[in-house]
Amino acid sequence: MMLAGPAALATVGVVASKSAVRSALCLVFNFFILAFLYFSLSMEMIGITQIMVYAGAIMVLFMFVIMLLNPKLIDEKKDYKLPIGLLFGLALFMLLGSQILPKLMTANVPAMEYEVGSPKLVGEALFTTYVFPFEVVSLLLLVGVVGSVFLAKRRTP
Amino acid sequence: MDWLHSLNPTIQDVLSAIGRAILALIPIFVPVPFMIWYERRLLSWMQDRIGPNRTGNITFSSTSSAVPGFLKGKKIKLFGLAQSMADGLKLFLKEDIMPDKTDRFLFILAPCIALFVALTLGCTIPFGGDKRFSPVADVNIGMLYILAISSLGAYSTVLAGYSSNNKYSLLGGLRASAQLISYELAMGVSLGSMALITGSLKMTDVVTNQSGPLYGMIGFLHNWNILTPMGFVSAAIFAVCMIAETNRPPFDLPEAENELVAGYHTEYSTKRWGLFMMAEYMAMLTFSMVFATVFLGGYQWPIRWDVFDFLENNFLIGIVTMLVKGALGLTAYIWIRATFPRLRYDQLMNLGWKFLLPLAVVNLVISATWIFAKASYGSLAALITVGICYAVLAFIWAMVRHRAKKVEPQYRSRSVNMVPATRRTVEMVSNKEVTP
Amino acid sequence: MNGVPLAAYIGLSMFMFTTGVVGVVIRRNPIVIFMCIELMLNAVNLAFLSFARYRYAADGVSVNLAMNGPMMVIFVMAVAAAEVAVGLGIIMAIYRLKEEVDVDEINLIKG
């Protein structure tokens with residue numbers, strides 16, 4: 001519960017801050033706290049992967065692109081998008097909340113140690129039951145790498 | 001100590017965790033000034049200079065009445081050890097300058113992140129066989145923890161570069177982010193093959209796995225990972241990536257002083273620059289200790305002998321062993337700094353992506369082969385198999401190099417000829433024709 | 001210490017998801033929009049993990065079934081990584097072409 005507040009604040013910070021670097025930093029902070037939440041759910045393998053993949057690789061990539069492009073601050077025009085977006089978001093939150101939360105009010109996550117998040121079990125599941133999706137995802141990553149290399153290449157005539 | 005045991009178990013856990021954290025910080029924090037002095041002295045010895053050897057030498061007067069009798073005319077030599085203390089004092093007393101139009105919050109945050117990374121990196125390293133004192137957290141994801149924390153180190157350089165509002169700093173930050181992402185991969189895969197051999201990601205398991213006799217055959221040596229063939233390749237890859245991760249020469253492109261003034265910390269001065277400096281040295285020591293833990297058997301002594309067992313399990317002697325191994329790593333750092341010239345940027349990227357990463361992946365496969373062969377046919381057969389694998393690999397590599405040499409033009413030197421040699425001769429000829 | 005209510009985790013997850021949606025709608029910087037998409041993916045990850053944990057610990061499903069949550073999270077992470085690599089490549093290509101990055105001004109396909 002103590003972690004959820006900062007996480008929510010950081011979430012707002014991602015959307016609300018003016019400069020892209022600030023919102024990227026808020027997002028890194030948010031991912032960090034999410035990793036701690038995963039630890040509190042005793043999913044330590046997933047939590048550390050979260051820090052490694054999101055905070056360590058993806059967000060550094062974001063930072064790299066932000067600094068490479070260094071776009072001038074796009075002046076956020078005060079147009080119809082802001083109120084409509086907020087209204088829409090509020091409606092979505094109310095809708096989801098009214099449907100989901102009442103059912104879960106009584107449910108507690110028991111604070112017990114359990115081993116589902118340990119690297120041993122995750123690895124076993126990944127290479128037995130889920131070996132086909134795993135291979136497909138690795139293929140997807142390969143395609144992503146090739147695609148980004150192709151996109152980023154300067155085409156010299 | 002009875003009152004400690006009467007406390008709530010949760011509070012006991014918290015207290016012991018804090019105690020272990022402090023115990024783990026001391027061997028990383030305290031040596032920093034000595035490390036700086038050591039680097040300067042060793043570097044100057046390698047470059048045939050003298051280096052700082054005077055600061056802190058005190059000669060007492062032999063005539064003054066203010067000096068007590070037993071000190072008259074005595075000399076106290078500190079071999080310049082006080083130099084880094086004096087430097088630190090100077091850093092804290094200088095005027096604090098923050099340039100205009102910086103992003104103040106990020107400007108202050110950047111060195112803090114660097115320090116955070118350097119301090120927390122060593123949390124899973126066991127300093128001795130006694131599990132009450134170290135590691136701080138014996139989590140079952142110890143290796144991944146090290147990778148995750150070291151990948152956070154990119155933010156300090158990137159944010160410092162961005163917030164300084166300076167073109168050179170920005171370029172330094174850009175280079176740092178690209179370099180760290182590239183070398184993180186090869187480092188992860190090289191640690192991965194060691195995790196395969198250990199069969200666990202726990203750092204304590206990694207150390208205990210290296211305690212048996214070498215290959216199960218040679219009794220007087222420990223089964224250190226660096227003594228096994230794929231462990232040696234892994235260690236070489238890890239060492240290169242380690243130097244790249246800490247931005248040390250020859251991989252110090254983010255702060256290349258003849259291209260980018262001082263790179264990402266151009267605008268930093270006084271305490272904040274001092275924090276960067278401290279973080280760099282602490283990260284060097286911690287990475288050396290990680291290297292020692294994963295490849296050099298942690299707190300174990302090099303010779304396997306029953307007499308040493310009680311020494312290895314002692315916490316204090318374990319710390320000393322680890323610090324000696326860390327100092328060895330530090331010496332390697334400085335030696336490499338004194339030996340190699342800085343890499344060009346494309347050389348850096350080629351080394352990371354085209355050499356280290358494929359080698360690390362192939363090494364991972366060979367490690368799997370080793371495990372399979374050892375389980376099926378014993379370690380001698382595994383050794384032979386892996387040896388054949390590496391021979392085939394070297395042959396393929398030689399073939400590829402041979403073909404590449406035929407295709408690519410070979411440059412004799414790194415200097416650039418602005419005018420092609422053929423045209424230059426033509427011009428000289430034409431000049432001769434014009435002048436008479 | 002009786003454990004945290006599941007509603008807290010799910011509530012945070014919902015809040016993150018909604019904020020992500022709002023961000024995609026109201027922001028104009030494509031990089032920030034990408035970050036908001038990451039936010040939504042992470043909200044879903046949190047929901048997956050908390051449900052997996054709850055189902056294992058409270059409902060007593062088998063370990064195999066409880067592994068569904070973490071596995072989905074790993075696949076989401078992998079897909080997110082691929083998506084970011086390609087997406088940032090596209091943004092850079094657009095920037096090189098038009099020297100500006102504002103999603104409202106990108107109308108190349110209009111001809």
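Model, not experiment: these values are computed from the prediction. (Residues numbered from 1 in each chain as written. Chains lettered and ligands numbered in written order. Predicted model: local features only at pLDDT ≥ 70, side-chain atom pairs only at ≥ 80, totals over all residues. Heavy atoms only, no water.)

### Looking at the overall build of chain A
Now for step 1: When helices and strands are counted, chain A shows 6 helices and 1 strand.
Now for step 2: Its helices and strands in sequence order give chain A the pattern α-α-α-α-β-α-α, from N to C terminus.
Now for step 3: Sorting the 157 residues of chain A into buried and exposed places 44% on the buried side.
Now for step 4: Across chain A, contacts joining residues at least 24 apart in sequence account for 53% of those joining residues at least 6 apart.
Now for step 5: Roughly 8700 Å² of accessible area belongs to chain A as shown, and the carbon and sulfur atoms make up 75% of that amount. (Helix = DSSP H or I, 4+ residues; strand = E, 2+ residues; numbered from the N terminus. Buried < 20%, exposed > 50% of the residue type's maximum accessible area, 1.4 Å probe, protein only. Contact = heavy atoms within 4.5 Å. Areas by Shrake-Rupley, 256 points an atom, 1.4 Å probe, with all protein chains shown as cover.)

### Points about the packing of aromatic side chains
What describes a pair of aromatic rings is the distance from one ring centre to the other and the angle between the planes of the rings.
All names here are of chain B.
Now for step 1: A complete count under the given rule lists 15 aromatic pairs over all chains for this structure.
Now for step 2: With 4.2 Å between their ring centres and 10° between their planes, Phe107 and Tyr268 make a pair best called stacked. Note that Phe107 is positioned in helix H5 (residues 104-120) and Tyr268 in the loop between helix H9 (229-245) and helix H10 (270-295), a separation of 161 residues in sequence.
Now for step 3: Between the aromatic rings of Phe355 and Trp397, the centroid separation amounts to 5.3 Å while the plane-to-plane angle is 55°, which identifies the pairing as tilted. Note that Phe355 is positioned in helix H13 (residues 345-377) and Trp397 in helix H14 (residues 379-407), a separation of 42 residues in sequence.
Now for step 4: An aromatic cluster is present here, built from Phe107, Tyr264, Tyr268 and Phe276 joined pairwise through their rings.
Now for step 5: Above the ring of Tyr281, the side-chain terminus of Arg248 is found at 5.8 Å from the ring centroid. (Phe/Tyr/Trp six-rings, centres within 6.5 Å; stacked < 30°, edge-to-face > 60°. Lys NZ or Arg CZ within 6 Å of the ring centre and 35° of its normal.)

### What to know about the packing of helix H3 (residues 32-46) of chain B against helix H12 (residues 315-339) of chain B
All names here are of chain B.
Now for step 1: As a packed pair, H3 and H12 sit with axes 10 Å apart at the nearest point and diverge in direction by 40°. In this view, H3 runs oblique relative to H12, as classed from their interaxial angle. Handedness of the crossing formed by H3 with H12: right-handed. Across the interface between the two elements, Met35, Tyr38, Glu39, Leu42, Leu43 and Met46 of H3 pack against Leu330, Thr331, Ile334, Trp335, Arg337 and Ala338 of H12. (Axes fitted to C-alpha atoms, helices over the stretch in contact; angles between N-to-C directions. Parallel < 35°, antiparallel > 145°, perpendicular 65-115°, else oblique. Left-handed = near helix turned anticlockwise from the far one by under 90°.)

### Some thoughts on the pattern of salt bridges
Residue and element names in this part refer to chain B.
Now for step 1: If you walk through the whole model with that rule in mind, you get 5 salt bridges over all chains.
Now for step 2: Its salt-bridge partner being Glu39, residue Arg248 comes within 2.6 Å of it at the nearest N-O pair. Of the two residues, Arg248 is situated in the loop between H9 and H10 and Glu39 in helix H3; the sequence distance between them amounts to 209 residues. The burial state of Arg248 is the same as that of Glu39; both residues are buried.
Now for step 3: As a salt-bridge pair, Asp252 and Arg342 come within 2.8 Å of each other at their nearest N and O atoms. Residue Asp252 is located in the loop between H9 and H10, and its partner Arg342 is located in the loop between H12 and H13; the two are separated by 90 residues in the primary sequence. Assigned by exposure class, Asp252 and Arg342 land together as buried.
Now for step 4: Within the structure, one salt-bridge network assembled from shared partners comprises Glu39, Arg248, Glu280 and Arg337. (Salt bridge = Lys/Arg side-chain N within 4 Å of Asp/Glu carboxyl O.)

### Let's talk about the interface of chain B and chain A
Now for step 1: Counting residues at the interface gives 25 residues for chain B and 25 residues for chain A.
Now for step 2: Summed over the shared surface of chain B and chain A, the result is 0 salt bridges.
Now for step 3: The interface formed by chain B and chain A holds 1 residue pair in polar contact (both at pLDDT 80 or more) in total.
Now for step 4: Secondary structure elements with two or more residues in the side of chain B that touches chain A: H5, helix H6 (142-163) and helix H7 (167-198) of chain B.
Now for step 5: At 11 residues, H6 of chain B tops the list of elements feeding residues into the side of chain B that touches chain A.
Now for step 6: Partitioned by chemical class, the residues of the side of chain B that touches chain A number 20 nonpolar, 4 polar and 1 charged. (Polar contact = N/O pair within 3.5 Å; in protein donor to acceptor, adjacent residues only side chain to side chain. Nonpolar A, V, L, I, M, F, W, Y, C, P; charged D, E, K, R; others polar.)

### With respect to the environment of Leu89 of chain B
Now for step 1: Mapped onto the secondary structure, Leu89 of chain B falls in helix H4 (residues 82-93).
Now for step 2: For Leu89 of chain B and Lys271 of chain B, which are 182 residues apart along the polypeptide, the C-alpha to C-alpha distance reads 9.7 Å.

### Some details on the environment of Ala47 of chain C
Residue and element names in this part refer to chain C.
Now for step 1: Mapped onto the elements, Ala47 comes out in helix H2 (residues 30-59).
Now for step 2: Among the residues examined, Ala47 registers a relative accessible area of 17% and is labelled buried.
Now for step 3: Along the sequence, Ala47 and Met92 sit 45 residues apart, while their C-alpha atoms lie 32 Å from each other.
Now for step 4: The contacts of Ala47, once residues within four sequence positions are left out, are Ile10 and Ser13.

### Some thoughts on the domain arrangement of chain A
Now for step 1: Partitioning chain A into domains gives domain 1 (1-71) and domain 2 (118-157).
Now for step 2: For domain 1 of chain A and domain 2 of chain A, the distance between their C-alpha centroids amounts to 22 Å. (Domains from an automatic or database assignment.)

### Side note on the state of the cysteines
Now for step 1: A complete count under the given rule lists 0 disulfides over all chains for this structure.
Now for step 2: With no disulfide of its own, Cys112 of chain B lies closest to Cys26 of chain A among cysteine sulfurs, the gap being 17 Å.
Now for step 3: Assessed through its relative accessible area of 38%, Cys112 of chain B is described here as partly exposed.
Now for step 4: Take Cys123 of chain B: it sits in no disulfide, and the sulfur closest to it among the cysteines is that of Cys112 of chain B, at 17 Å. (Disulfide = S-S within 2.5 Å.)

### Here's the deal with unusual backbone geometry
All names here are of chain B.
Now for step 1: For the bond running from Pro249 to Pro250, omega is 5°, close enough to zero to count as cis.
Now for step 2: Positive phi outside glycine occurs at Asp48, with the angle close to 65°.
Now for step 3: Turning to its location among the elements, Asp48 is positioned in the loop between H3 and strand S1 (58-59).
Now for step 4: The class of Asp48 is exposed, set by a relative accessible area of 74%.
Now for step 5: Even without being glycine, Asn247 reaches a positive phi, approximately 55°.

### A closer look at helix H6 (residues 131-152) of chain A
Residue pairs three or four apart in sequence face the same way in an α-helix, which turns once every 3.6 residues.
Now for step 1: In a regular helix each residue adds 1.5 Å, so 22 residues correspond to 32 Å; H6 of chain A covers 31 Å between its end C-alpha atoms and thus fits that length.
Now for step 2: Val137, Gly144 and Ser148 of chain A are the residues of H6 of chain A that are buried. Projected down its long axis, H6 of chain A carries its buried residues within an arc of 25°, all on one side. Residues of H6 of chain A that are exposed and angled more than 90 degrees away from the buried face: Phe132, Leu139, Leu142, Val143, Val146 and Phe150 of chain A.
Now for step 3: Buried residues along H6 of chain A sit in contact with helix H4 (68-98) of chain C. (Expected span 1.5 Å × (residues − 1). Arc of directions from axis to C-beta.)

### Remarks on helix H3 (residues 44-69) of chain A
Residue and element names in this part refer to chain A.
Now for step 1: With 26 residues, H3 extends 36 Å from end C-alpha to end C-alpha; this agrees with the ideal 38 Å at 1.5 Å per step.
Now for step 2: Largest kink in H3: about 30°, centred on Met59.
Now for step 3: Taken across its 26 residues, H3 has 20 buried, putting it largely inside the fold. (Bend = angle between axes of the 7 residues up to and from the residue.)

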